[in-house]
Amino acid sequence: MTDPSARPADQSRPRPGATSAAERYGWGAPLPASDEFDYTGPPDPAKWNQAGECWPGHAGNGGRCASRSTVKDGKLVQTGLRNGDSAWISSKFNQQYGRWEARVRSEGTGPDNGRQYHPLLIIWPQSDRWPQDGEYDFLENGAPGERCAEAFIHYPHGRGAVQQEHAKERNCGAPLSEWHNVAIEWTPDHVKGFIDGKEWFSFSDGARSGRRNIQAMPSGHLTIQLDNFFGGNMQPATYEVDWVRIYSLDPK
């Protein structure tokens, strides 16, 4: 029986019908830093950094709280509360260039009051130097469970106005309240995004005075977070992650 993770001999001919980028493009075996969330309790401390109880949230809105991220029933569950407290974890593994894929879904769990959490998957610079070293938000939606996925890929640049590229999924399939495999491929040449095995954005180069090429982050790690852009009186929400798989650019 053929190993489904084996790398195709011809990369220009991806496997038809594959619903993960890793399978479709033959990314090889996941690295040990990956997580299937096949346990119960807090996220594995050998693999994940946790928020305290509670760190200040995005731009000081609400709190990023360890108690809002838990693993149960074979998945990571992050919750956002009405009072503005929500969830954040970051991978302890970093690399320059690589591939990351996660199976995720999100939904609002209370009435829509226009104050909604943002479910995100981010490659964040290991240096914590932002915006100097860039930021790759390969999933960033303005509300849980939206119809189409969005992404914001930031150039490494100096202080001043944010310099980024925005992508919005076209020909959207099922809404993000259903499970989707969301992936990023970061190479010396480009940053590409995939949903359910299909490429949906690709950015490269773009250097000019005051900024470097968009793919020029020195090194980065994955963060999974439910961000609060408003403060309190939020629409409660849930963000679920079935698995996270991390790959090098050189499949074994």
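Our subject is the structure listed above.
For clarity, every value in this text was computed on a predicted model and none was experimentally measured.

Draft legend 1. The overall build of the chain, seen in detail. Helix and strand counts for the chain stand at one helix and 16 strands. Its C-alpha radius of gyration of 17 Å places the chain within 12% of the 18 Å reference for a compact globule of 252 residues. Across its three principal directions, the C-alpha atoms of the chain cover 50 × 50 × 40 Å. Across the 252 residues of the chain, 50% fall into the buried class. The long-range share in the chain, meaning contacts at least 24 apart out of those at least 6 apart in sequence, stands at 67%. Total accessible area computed for the chain in this model is approximately 11,100 Å², and 48% of it derives from carbon and sulfur atoms. Across the chain, 27 positive and 32 negative side-chain charges occur, with their mean positions spaced 2 Å apart.

Draft legend 2. Summary view of the sheet that holds strand β1 (residues 48–50). Spatial ordering of the open sheet is given by β1-β6-β15-β8-β9-β10-β11, a layout of seven strands whose pairing is antiparallel. Two strands close off the open sheet at either side, each with one partner strand: β1 and β11 (164–168). Averaged over all neighbouring strand pairs, the angle between strand axes comes to 15°, with direction disregarded. In the sheet, strand β10 (residues 150–154) pairs with β11 via five bridges, with the strands oriented antiparallel. When the bridges of β11 are listed, A151 appears paired with A167.

What counts and what doesn't
- Residues numbered from 1 in each chain as written.
- Predicted model: local features only at pLDDT ≥ 70, side-chain atom pairs only at ≥ 80, totals over all residues.
- Heavy atoms only, no water.
- Helix = DSSP H or I, 4+ residues; strand = E, 2+ residues; numbered from the N terminus.
- Rg over C-alpha atoms; globule rule 2.2 N^0.38 Å.
- Buried < 20%, exposed > 50% of the residue type's maximum accessible area, 1.4 Å probe, protein only.
- Contact = heavy atoms within 4.5 Å.
- Areas by Shrake-Rupley, 256 points an atom, 1.4 Å probe, with all protein chains shown as cover.
- Lys, Arg positive; Asp, Glu negative; His and termini not counted.
- Charge placed at Lys NZ, Arg CZ, Asp CG, Glu CD.
- Pairing = 2+ DSSP bridges.
- Axes fitted to C-alpha atoms, helices over the stretch in contact; angles between N-to-C directions.

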